[in-house]
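What follows is the residue order along each chain.
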Amino acid sequence: MNGTTITAPTIEYALLSPMLIVFGAAIIGVLVEAFAPRYLRKSIQMPLTLLALLGAFVTTVLAASNGLPTTAAAMGAVAVDGPSLFIWGIILILAFISALLINDDEQFVAQAAAVPGSVDEEEAVRSGFAQTEVYPLLLFAVGGMLLFPASNDLLVMFVALEVMSLPLYLLCGLARRRRLLSQEASVKYFLLGAFSSAFFLYGMALLYGYAGSVDLKAISAALGSVSGQDTLLFVGVAMLAVGLLFKIGAAPFQAWKPDVYQGAPTAVTALMASTVLVAAFGALLRVFWVALGNLDWDWRPLMWGVAILTMIVGAVLAITQTDIKRMLAYSSIAHAGFLLTGVIATGTAEQNSSALSAILFYLAAYGFTTVGAFAVVTMVRDAGGEAGHLSRWAGLGKRAPVLAGIFAFFLLAFAGIPLTSGFFGKYAVFTAAVGGGALPLVVVGVVSSAIAAFFYVRVIVLMFFNEPAADGPTIAAPSVGTSAVVALAAAATVVLGVFPQPVLTLADQAASALFIR
Amino acid sequence: MPWLSTLMAVPVVGAVGVSLVKSDKLAKQLALAVSLVVLALTGVMAARFDPALGASKETRFQFAEVYDWIPRFGVHYGVGVDGIALVLIALSAILVPIVILASWHDADGTGAAAPPKRSVKTYFALLLVLEAMMIGVFAATDVFLFYVFFEAMLIPMYFMIGSYGGAQRSYAAVKFLLYSLFGGLLMLVAVIALYVIAEKNTFMFPELIGVIQDPTTQKWLFLGFFIAFAVKAPLWPFHTWLPDAAAQAPAGAAVLLVGVLDKVGTYGMLRFCLELFPDAAKFFTPLVIVLSVIGIVYGAIVAIGQTDMKRLIAYTSISHFGFIALGVFAMTTDAGAGATLYMVNHGFSTGALFLIAGFLIYRRGSSQIADYGGVQKVAPLLAGTFLIAGLSGLSLPGLSTFVSEFMVLLGTYERYVVPAVIATTGVILAAVYILWMYQRTMNGPTAEAVKGLPDLNIRERWVVGPLIAVIIALGFFPKPALDIINPAVDHTLSNVHIDNVHVNPAVAEKKGAGQ
């Protein structure tokens, strides 16, 4: 024992500062909840959250402008590389926008612990309780999202997964209206999420058995040296894949998405639909490209199947939906399928970087449009809250032409009509997939795009070509926050659709060196 | 001066202006003024166009502008026109002011059928946006830019049909959009594959000619493009959306849909299918010719059976598109030039038919042929111009369509005798459907509901007058148009490596004598 000194780990604080800022602010937020008087909480929490996200974004940009690091930070646990920084940037912007939505109005339950319809609840409403824990929960979730795609070993990734997911399970159950639906969504999400986490954990354990390490680089190295343990490897990979595919909502692990999206408060849905998808794709790419990159001949056929199934399930089931949020959930499933075609498009380093850049661009484009679409959903209201049922949207184009026009524009972007961001996202991913020899997959993608177009167009038909119902929903006068979200999302959808080159260049630079190991 | 960019920018700026002005009347006037400015600019541009330059590879596309748009994908903002594109742009520029004038009351809720009042400004703004896109799609010399316009132009038309059309409008609009979108997405796969396989890192059309050599690849890519164009044009059996869309669209939108938008399909075949994939085009020629001939005869026979005027005119168009596709794939100069001229002539004659039928429907509130009779007695001018437009549709010598149809048949006969002979029956059937419709609506005893129907007013005369004038002018003196078209078609066919384009050199003289 003599002479052994414990060396302190080297931590690149500057590089990790975005995460540190977000987590730090989250902890301060918890303290505010504990010590600040109720009437002050919201006016502290909201600026704190926005500032933290903004600060994290600024430090991300600074880190990126200092040149991309070539080795993993924090003793090889966290890989802050080009893709990570790009993903961080997207997540932070999208989270910022979603936070504006959360701020917007009384979407959240007064007191989550009160039983729906009970005296307790009435009392909580009457005394004007407000659930300001939402803000620290959001920050914890965002912190987890930042760590998730950047984790360079499976253990850190699992921690990140949980840090990201647990606050989200809670947030889902906080809707002020239709509380039972919201709580049901929360429980479903929690149970299924716990299952998938267990799969992830088990897969990780098996891979550890195979490679003797949970480090992504070490697993990659083990692929070449360890032999005779293929069962461990393949079962482990499959279980890991289940955990990750669950988070992106790929079929056949998509069942939670519509229920959760529908039940959660719409602002939270906006956050989940955009940022979680981004983070989960980052993690999926890192695991499959870095750790299992040399195994791609083995996992690619499976991924083909998952991608095809996801695209078709998303597109076909969306047709039968009658609730706008469920429809957007299935649309999100279909989009996850389109993104998967890019994950499969591996090959030479050049091919990989072009596929990666395409995925990054797609995630940015899709994230903005999604937040915008859900922001519009929050504004169309009935007596009992948001008017979710599609039939209530009939004739919206006549009652609120501008709002309906913007929503139609978002839908066209989802459908991938040229001159919207969605088109170039799809185009980039499909081009990468063709370059990677996945032409049949692209044909399936195109066919399901055509199917998907049908239900997007159906909503436009409802809004513009049908006469409004006499007792139609009211359009809530949007707060500054909501208007800003819609305007920002619309502007991003236009700019990325007409002049995508700057963001493409950025994505190219981020993807040029691929993931560091 | 960047002529083509100006031509696109003016209507876009105009559309913004139209949507901002306060009164509906001002919006209409502004829209008309903007479209007339575009027409004037197009006229000046056409006058400065030099057909002789079309022979050389470097100067093939005139008024060319090329800027990088998305270097990452090799996409350029590349525009330029050869003779084929120029006449189609001219067609669009002439039709739009006429359509605006004809649509004066389409959106404001007047008319016998008492349609609901709708946003007038939006309608005219959409028309102008559509005009910019129509010019863009013909002017694009970058395959990707072409695709962008090809898809994006669906959206304004979709809203024009869906918001301003007849009773079945939303069904028709969705059917139109989904058919076109499906074709377009197949084309997207081919566009992506073209880019990846060509490995030129550019989408500029001139640089992609002759790059794809492998015959199998050519065939697949050809199919991707061709099916999209065949849905658009539409060729049999991809045609079923057209009668619905054209019948439900307001008359003005129907004119632009059938007159210009559908021409993008046949234009695309001539420009992209033939030049980018020459061997595949030759391989598939028999198939396309069979489809075209079926379309010619089928469209004509089904047209005879229609009871709805707009549907009838839509089916005649399916027959005519068969002729155009036949001309494109016959791959002789005569047939190619004839097909191009046909695209223009069909735009005018069918446009006139749709618009005059639209005037009738506005007065009477029904598009059913059975609801009319003896209109000629109460509205002689309306009936007379309808007859002229109809006769042009059935290719009466002296009216414009005759020249082009004759050239197509002649050019096809040089290579494919049997299809040409069968296609000729389309001419006879045309006489049946047009004259029978005329007889049922305009002749005979005046129907009770038709009595007191007013004749064309001043505005409507200004709509019909120019159209009839163009139809007659191009019927007697098509030379200026052919002079512009011929070098461009020659150039196109030379890229397809057709050596004996002039199978029968004497034809040119005979044709001249025939006029």
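Rules behind the numbers
Residues numbered from 1 in each chain as written. Chains lettered and ligands numbered in written order. Predicted model: local features only at pLDDT ≥ 70, side-chain atom pairs only at ≥ 80, totals over all residues. Heavy atoms only, no water. UniProt positions renumbered as here; feature names shortened; annotations may be inferred. Helix = DSSP H or I, 4+ residues; strand = E, 2+ residues; numbered from the N terminus. Expected span 1.5 Å × (residues − 1). Bend = angle between axes of the 7 residues up to and from the residue. Buried < 20%, exposed > 50% of the residue type's maximum accessible area, 1.4 Å probe, protein only. Contact = heavy atoms within 4.5 Å. Salt bridge = Lys/Arg side-chain N within 4 Å of Asp/Glu carboxyl O. Buried area = accessible area lost by both parts, 1.4 Å probe. Polar contact = N/O pair within 3.5 Å; in protein donor to acceptor, adjacent residues only side chain to side chain.

- Within an unreviewed UniProt entry, the label attached to chain B reads NADH-quinone oxidoreductase subunit M, and the organism entered is Streptosporangium carneum.
- Looking at the Sequence similarities (unreviewed entry) heading of the UniProt record, one finds this comment for chain B: "Belongs to the complex I subunit 4 family."

- Within an unreviewed UniProt entry, the label attached to chain A reads NADH-quinone oxidoreductase subunit N, and the organism entered is Streptosporangium carneum.
- In its Subunit (unreviewed entry) section, the UniProt record describing chain A reads: "NDH-1 is composed of 14 different subunits. Subunits NuoA, H, J, K, L, M, N constitute the membrane sector of the complex."
- Heading Catalytic activity (unreviewed entry) of the UniProt record for chain A holds this comment: "a quinone + NADH + 5 H(+)(in) = a quinol + NAD(+) + 4 H(+)(out)".

**Quick word on helix α21 (residues 479-495) of chain B**
All names here are of chain B.
- Across its 17 residues, α21 extends 24 Å between first and last C-alpha, which sits within 8% of the 24 Å expected from 1.5 Å per residue.
- When the local axis directions of α21 are compared, the greatest deviation, roughly 25°, occurs at Ile485, which is followed within four positions by the proline Pro487.
- Here α21 has its buried residues at Ala481, Leu482, Ile484, Ile485, Pro487, Ala488, Val489, His491, Thr492, Leu493 and Asn495.
- At its buried positions, α21 is contacted by α3 (83-102), α12 (263-276), α13 (278-304), α15 (333-364), α18 (400-415) and α20 (458-476).

**Quick notes on the pattern of salt bridges**
Residues and elements named next belong to chain A.
- Under the defined criterion, the tally for this structure stands at 13 salt bridges over all chains.
- Note that Asp259 and Lys188 form a salt bridge whose closest N and O atoms lie 2.7 Å from each other. Here the residue Asp259 occupies a position in helix α10 (residues 256-263), and Lys188 occupies one in helix α7 (residues 179-211), the gap between them amounting to 71 residues.
- Since its relative accessible area comes to 29%, Lys188 is described here as partly exposed.
- One salt-bridge network, held together by shared partners, links Glu184, Lys188, Asp259 and Arg326.

**Concerning the interface of chain A and chain B**
- On the side of chain B, 33 residues touch chain A, which itself brings 36 residues to the contact.
- Between chain A and chain B lies a buried interface of about 3,000 Å² when both sides are counted; carbon and sulfur atoms form 83% of it.
- Remark: the boundary between chain A and chain B carries one salt bridge.
- Of the charged contacts in the structure, one is a salt bridge between A:Asp508 and B:Arg72, with a shortest N-O distance of 2.7 Å.
- At the junction of chain A and chain B, the tally comes to six residue pairs in polar contact (both at pLDDT 80 or more).

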